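Listed here are the chains, written in short residue letters.
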Amino acid sequence: MQDSNVFVDVRSLRKWFGIRRTFAEAISSQEEKVVKAVDDVSFKIPKASVFVLAGESGSGKTTVARLILRAIEPDSGNIFFDGTDITKLDHNELKKFRINAQMVHQDPYASIDPRMRIMEIVMEPLTVYKIGTNKEQQEAVFKALEEVRLEPVTDIAYRYPHMLSGGQRQRVAIARSLVLKPKFIVADEPVSMLDISVRAEILELMQNLQKKHNITFLYITHDLSTARYIGDQIAIMYRGKIAEMGPIDKVLLNPLHPYTQALIDAISEPDPNNRLKEKMVRIKTETGIERVSTGCNFYNRCPYAMEVCKTEPKLMEAEDSHYVSCFLYPK
Amino acid sequence: MKESLVVENLKSYYFTSVGAVKAVDNVTFALGEEESVGIAGESACGKSTLGLSMMRMLQPPGKIVGGKIALHGTDTLTMSDSEFNKKVRWKRIAMVFQGAMNALDPVYSIKDQLKEVLKYHGFPEVEMNERIIESVRQVGLDPSVIERHPHELSGGMKQRIVIAMALILKPEFVIADEPTTALDVIVQAQIINLLKKLKKEGMTIMLITHDLAIISEIAEKIGIMYAGEIVEFGSAEQIYDDPKHPYTQALIGAIPRLKGDKKFSHVKGSPPNLAKPPKGCRFYDRCPHAMDVCKQDPQMIRMKEGFVRCWLYDEKSQQ
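Nothing here was measured: the structure is a model prediction, and the numbers come from that model. One numbering rule holds for all chains: residues counted from 1, following each sequence as written. Following the order in which they are written, the chains are lettered starting with A and the ligands numbered starting with 1. In keeping with the predicted nature of the model, local features appear solely for residues at pLDDT of at least 70, side-chain atom pairs appear and are counted solely at 80 or more, and the whole-chain, interface and lining totals rest on all residues. Only hydrogens and water are removed before side-chain values are computed, so all heavy atoms of the structure are retained for them.

### A closer look at the overall build of chain A
- The number of helices and strands found in chain A is 11 helices and 12 strands.
- To get the radius of gyration, use the C-alpha atoms; to get the globule rule, take the number of residues to the power 0.38 and multiply by 2.2 Å. The C-alpha radius of gyration of chain A comes to 22 Å, within 12% of the 20 Å expected for a compact globule of 331 residues.
- Overall size of chain A, expressed as C-alpha extent along the three principal axes, is 65 × 55 × 50 Å.
- Exposed residues in this analysis have more than 50% of their type's maximum accessible area, buried residues have under 20%, and partly exposed residues fall in between, with area computed by a 1.4 Å probe over protein chains only. Expressed as a percentage of the 331 residues in chain A, the buried residues total 52%.
- Here the open area of atoms and residues is found with the Shrake-Rupley method and a 1.4 Å probe, where only the protein chains shown may cover a residue. For chain A, the accessible area works out to roughly 15800 Å², and carbon and sulfur atoms hold 50% of it.
- In this tally, Lys and Arg are treated as positive and Asp and Glu as negative; His is ignored, and so are the chain termini. Just so you know, the charge point we use is NZ for Lys, CZ for Arg, CG for Asp and CD for Glu. In chain A, 45 side chains carry a positive charge and 44 a negative one; their mean positions are 2 Å apart. Segments assigned H or I by DSSP are reported as helices when at least four residues long, segments assigned E as strands when at least two residues long, and all are numbered from the N terminus.

Below, the structure is given as structure tokens:
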């Protein structure tokens with residue numbers, strides 16, 4: 001992949017959180033326990049593509065998103081955004097970046113203020129960055145509402161959130177993310193709280209807008225089936241590290257890492273024969289938060305764990321642009 | 001065929017200031033022995049209200065207005081409250097509520113909370129410990145967890161505890177309302193395997209969820225609920241391989257697939273207001289096959305192992 005085509009380049013990103021010790025632990029001078037939320041994560045998002053970051057809760061995917069948006073500060077690593085290393089920018093220099101990097105949150109009931117009308121909610125980013133005259137801002141809001149097909153716009157704009165359904169609220173959140181005409185959008189589980197019958201509509205909308213405006217997308221989810229619909233590339237995260245990464249159809253149809261395989265086994269397809277057999281759960285259950293401090297972080301649960309897995313695996317290309325971090329695969 | 005569960009013309013309404021919200025409006029279905037059922041539908045279709053009605057746990061302003069619920073021939077709706085409480089609730093039919101794992105009391109140990117259930121139902125004190133350990137083992141947990149508090153358990157473990165709570169008096173029938181939502185996908189698979197194991201041990205499960213994929217793991221019979229009514233009921237094979245009602249077809253089309261065709265669809269519009277349900281078919285304004293006759297209430301057309309409420313079908317063609 002040519003470097004000029006890369007829009008977001010994340011290099012060796014790291015964020016560790018210290019766990020508070022009890023008094024007894026502190027005075028016995030035990031080593032401070034850390035949660036390695038994001039541990040040496042690297043990936044590249046090509047311009048105008050949809051990159052999926054997938055994993056279960058505790059994998060670190062939301063923390064990666066927050067780091068990229070610089071909502072929290074990394075401990076180390078670099079984030080190149082459209083060629084500029086944003087980890088080196090100070091507060092003022094970040095303004096241009098922030099206008100271009102927007103977010104759509106998971107919960108359409110929590111992410112929009114119930115006491116503001118739709119017009120004010122979608123206008124807020126413009127107000128905060130003092131962009132445009134009042135009239136221009138209003139026009140921008142109507143246009144954004146049209147783009148997300150919340151019509152008639154003059155009716156919707158003056159409603160309050162409680163007058164809209166979950167799916168409509170999520171469209172408002174999407175409209176709000178578009179109004180600054182960003183080059184990059186992070187969508188964190190945007191459909192997981194919506195009814196099944198509405199999900200395709202919202203995903204289709206996001207996909208159309210993404211293609212129309214050439215927006216680079218980071219899509220975070222634990223649901224691999226919806227990821228397949230919208231994503232170009234995917235990275236599977238497990239406990240702070242990337243286990244597997246590559247073009248989405250390659251990874252989902254030919255999963256290499258045992259964890260990816262377990263995730264895919266766990267998914268149910270609507271098949272009446274399912275009730276006649278047990279679901280395959282190849283991996284061992286987690287017993288607690290203790291884990292092997294060196295080596296593969298999946299060691300304790302892996303059905304194929306070997307002696308060599310006590311050393312650290314590296315993310316390497318197993319087949320054309322399909323990367324995996326696992327000793328089962330020689331280079 | 002002997003029926004283990006018969007629900008007939010069940011009506012549960014919420015009497016609010018804007019009028020009666022007809023959450024469960026004339027629901028009828030039956031289950032044979034060793035048949036588990038899945039009730040599928042979107043938010044606010046009435047499926048949770050159906051579950052709560054079967055437990056007679058509807059809170060005011062909700063009220064069961066009419067109908068019949070028969071467990072192995074016994075019509076539970078004709079019983080007095082105290083008789084139902086003594087003989088049926090939790091002993092013959094129990095429920096795992098939606099989000100129950102978050103309702104575990106944080107200041108009491110698991111043991112104390114399970115004890116509370118037994119105490120409330122008059123279980124002999126001397127046998128409590130043994131029964132608690134048995135239930136906990138039944139859901140695949142090590143008995144040592146009973147000494148812990150909820151915050152020390154993972155999401156999956158808490159969900160298992162809540163299931164153990166429902167099983168503790170050995171009911172023949174368990175209602176599970178969205179038991180896998182909010183759990184990680186691998187933990188979901190483990191909970192599904194637990195439900196399968198309970199089925200093997202003789203339990204009948206009523207699984208309430210919007211997730212039609214998960215229902216296929218458990219249910220022999222499936223009821224599709226829309227706006228307070230069951231619009232289609234049939235065997236799992238019928239529902240997945242040959243769905244009749246346009247809403248069923250739409251729901252199945254809306255499931256994203258990991259394998260096969262990538263595309264999945266959505267259903268335009270939204271469900272009607274149940275305080276003022278429209279006359280005639282409630283799916284009329286969202287249905288791609290809507291006809292003039294649909295302005296009248298569709299009849300229940302019997303099929304091989306169930307029924308469909310839709311003017312597209314008539315009795316003769318289904319025999």
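### Describing the packing of aromatic side chains
- Aromatic rings from Phe, Tyr and Trp, taking only the six-membered ring of Trp, are treated as a pair when their centres fall within 6.5 Å; an angle between ring planes under 30 degrees marks them as stacked, one over 60 as edge-to-face, and anything in between as tilted. Inspection of every chain in the model, using the stated rule, returns 15 aromatic pairs over all chains.
- When the centroid spacing of 5.0 Å and the interplanar angle of 85° are considered together, the rings of Tyr238 of chain A and Phe298 of chain A count as edge-to-face. With a gap of 60 residues between them, Tyr238 of chain A in strand β9 (residues 233-238) and Phe298 of chain A in the loop between α11 (258-266) and β11 (316-319) connect regions that are remote in the sequence. Like Tyr238 of chain A, the residue Phe298 of chain A is buried in the burial classification.
- With a centroid separation of 5.3 Å and an interplanar angle of 65°, the aromatic rings of Tyr247 of chain B and Phe283 of chain B are classed as edge-to-face.

### Remarks on the confidence of the model for chain B
- You can read pLDDT as the predictor saying how much it trusts each residue, on a scale of 0 to 100. For chain B, per-residue confidence averages 91 on the pLDDT scale, and 98% of positions sit at 70 or higher.
- Scored as a whole, the predicted complex attains pTM 0.87, and scored at its interfaces, ipTM 0.84.

### Brief notes about the sheet that holds strand β12 (residues 306-309) of chain B
Residue and element names in this part refer to chain B.
- Pairing between two strands is assigned when DSSP locates at least 2 bridges connecting them. Here eight strands make up an open sheet; going across it, the order is β6-β7-β8-β3-β9-β10-β12-β11 and the pairing mixed. The sheet is open, and its two edges are formed by β6 (93-96) and β11 (300-303), each paired on a single side. Here the strands of the sheet are splayed against their neighbours by 20° on average, with no regard to which way each runs.
- Where strand β10 (residues 229-235) meets β12, two bridges bridge the pair, whose relative direction is antiparallel. Counted as the bridge partner of Glu232 is Val308 from β12. All axes are obtained by fitting lines to C-alpha atoms, using only the stretch in contact for helices, and the reported angles, taken between N-to-C directions, cover 0 to 180 degrees.

### Comments concerning unusual backbone geometry
- The omega torsion across Glu151 of chain A and Pro152 of chain A is -5°, close enough to zero to call that bond cis.
- Relative to the assigned elements, Pro152 of chain A resides in the loop between α5 (134-147) and α6 (153-156).
- Here the residue pair Pro60 of chain B and Pro61 of chain B is connected by a cis peptide bond, since its omega of 10° sits within 30 degrees of zero.
- Along the polypeptide, Pro61 of chain B turns up in the loop between α1 (47-54) and β4 (62-71).
- With a phi close to 65°, Asp40 of chain A is a non-glycine residue in the positive phi region.
- Mapped onto the fold, Asp40 of chain A is located in strand β2 (residues 34-46).
- On the accessibility criterion, Asp40 of chain A (43% relative accessible area) is partly exposed.
- Phi at Ala48 of chain A is positive, roughly 55°, even though this residue is not glycine.
- Following the sequence through the fold, Ala48 of chain A ends up in the loop between β2 and β3 (50-54).
- Residue classification places Ala48 of chain A among the partly exposed positions, given a relative accessible area of 27%.

### A closer look at a nonpolar patch on the surface
Residues and elements named next belong to chain A.
- A cluster of nonpolar side chains, contributed by Tyr304, Met306, Val308 and Leu328, occupies part of the molecular surface with about 290 Å² of accessible area.
- With respect to the secondary-structure elements, Leu328 resides in the segment after β12 (322-324).
- Relative accessible area serves as the criterion here: at 35%, Leu328 is assigned to the partly exposed category. Residues forming no salt bridge and having over 30% relative accessible area are the ones grouped into patches, like charges within 9 Å of each other and nonpolar side chains (Val, Leu, Ile, Met, Phe, Trp, Tyr) within 5 Å. Salt bridges, as used here, are contacts in which a Lys or Arg side-chain nitrogen is within 4 Å of a carboxyl oxygen on Asp or Glu.

### Some thoughts on the packing of helix α5 (residues 155-167) of chain B against helix α6 (residues 185-200) of chain B
Residue and element names in this part refer to chain B.
- At a minimum axis separation of 10 Å, α5 and α6 run at an interaxial angle of 20°. Relative to α6, the element α5 is oriented roughly parallel. Here α5 runs over α6; the crossing is right-handed. Of the residues in α6, those touching α5 at Gly156, Gln159, Arg160, Ile163 and Leu167 are Val187, Gln190, Ile191, Leu194 and Leu198.
- Residues are grouped as follows: Ala, Val, Leu, Ile, Met, Phe, Trp, Tyr, Cys and Pro are nonpolar; Asp, Glu, Lys and Arg are charged; every other residue, Gly included, is polar. Class assignment for the residues of the contact of α5 with α6 results in six nonpolar, three polar and one charged. Orientation categories follow fixed angle ranges, with anything under 35 degrees roughly parallel, anything over 145 roughly antiparallel, 65 to 115 roughly perpendicular, and all other angles oblique. Crossing chirality is assigned from the near helix's rotation relative to the far helix, an anticlockwise turn below a right angle marking it left-handed and a clockwise turn marking it right-handed. We call two residues in contact whenever any of their non-hydrogen atoms come within 4.5 Å of each other.

### Details of helix α3 (residues 110-120) of chain B
- Those residues of α3 of chain B not exposed but buried are Ile110, Lys111, Gln113, Leu114, Val117 and Leu118 of chain B.
- Gly122 of chain B, located one to two residues past α3 of chain B, shows a positive phi value of around 70°.

### Points about the sheet that holds β2 of chain A
Residues and elements named next belong to chain A.
- Spatial strand order, β2-β1-β4-β5: four strands in an open sheet with antiparallel pairing. Taken across any chain shown, the strands that pair with only one partner, and hence form the sheet edges, are β2 and β5 (84-85).
- Direction of pairing for strand β1 (residues 6-18) relative to strand β4 (residues 76-81): antiparallel, over a ladder of five bridges. Within β4, the position partnered with Arg11 by the bridge is Asn78.

### Quick notes on the interface of chain A and chain B
- Listed by partner, the interface residues are 38 residues for chain A and 37 residues for chain B.
- Carbon and sulfur atoms make up 58% of the area that chain A and chain B hide from each other, which totals about 3800 Å².
- Glu237 of chain B serves as the salt-bridge partner of Arg275 of chain A, at 3.2 Å between the closest nitrogen and oxygen.
- Here a polar contact is taken to be a pair of N or O atoms separated by no more than 3.5 Å, where protein atoms must pair a possible hydrogen donor with a possible acceptor and residues adjacent in sequence count only if both atoms sit in side chains. Linking chain A with chain B are 19 residue pairs in polar contact (both at pLDDT 80 or more), by the criterion used here.
- Where the side of chain A that touches chain B is concerned, the elements lending two or more residues are α8 (196-213), α9 (224-230), α10 (248-253) and α11 of chain A.
- With seven residues, the top contributor of residues to the side of chain A that touches chain B is α8 of chain A. Buried area is a sum: the accessible area each of two parts loses on coming together, probed at 1.4 Å, counted once for each and added.

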